[in-house]
Amino acid sequence: MPVRPFARTSSPVSTPRVEIRLPWWALLLPAVAFVILLGLLLNPAEAQAASAEPGATQLLERVRDLLAR
């Protein structure tokens, strides 16, 4: 049985677009929380329960030193 060639249409197939709108605070709140937590990691003396220097702080300080060169 012979195979029929694919017939192209002159107009492209239109796909429905989905628009998602986020409120401004939906992007701002996670960014603010990230900055606050990063600040606590970089300066553990500001945290109430910080007694010893965690490994993440040492890692971030070394990355900061490498970027400062």
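Look up a bit, the structure's there.
The model shown is predicted, which means the values in this text are computed figures rather than measured ones. (Residues numbered from 1 in each chain as written. Predicted model: local features only at pLDDT ≥ 70, side-chain atom pairs only at ≥ 80, totals over all residues. Heavy atoms only, no water.)

A. Structural detail: the overall build of the chain. Check the secondary structure of the chain and you find 2 helices and 0 strands. Going through the 69 residues of the chain one by one, you find that 3% of them count as buried. (Helix = DSSP H or I, 4+ residues; strand = E, 2+ residues; numbered from the N terminus. Buried < 20%, exposed > 50% of the residue type's maximum accessible area, 1.4 Å probe, protein only.)

B. The packing of helix α1 (residues 24-42) against helix α2 (residues 55-68), seen in detail. The N-to-C vectors of α1 and α2 enclose an angle of 95 degrees; their axes lie 8 Å apart at closest approach. Considering their axes alone, α1 and α2 lie roughly perpendicular with respect to each other. Facing α1, whose interface residues are Leu-38, Leu-41 and Leu-42, α2 presents Ala-56, Thr-57, Leu-60 and Glu-61. In terms of residue class, the contact of α1 with α2 is made up of 5 nonpolar, 1 polar and 1 charged. (Axes fitted to C-alpha atoms, helices over the stretch in contact; angles between N-to-C directions. Parallel < 35°, antiparallel > 145°, perpendicular 65-115°, else oblique. Contact = heavy atoms within 4.5 Å. Nonpolar A, V, L, I, M, F, W, Y, C, P; charged D, E, K, R; others polar.)

C. Seen up close, the environment of Ala-56. Note on placement: Ala-56 falls in helix α2. Overall, Ala-56 belongs to the partly exposed group, its relative accessible area being 34%. Measuring from C-alpha to C-alpha, the distance between Ala-56 and Leu-41 comes to 7.0 Å, with 15 residues separating the pair along the chain.

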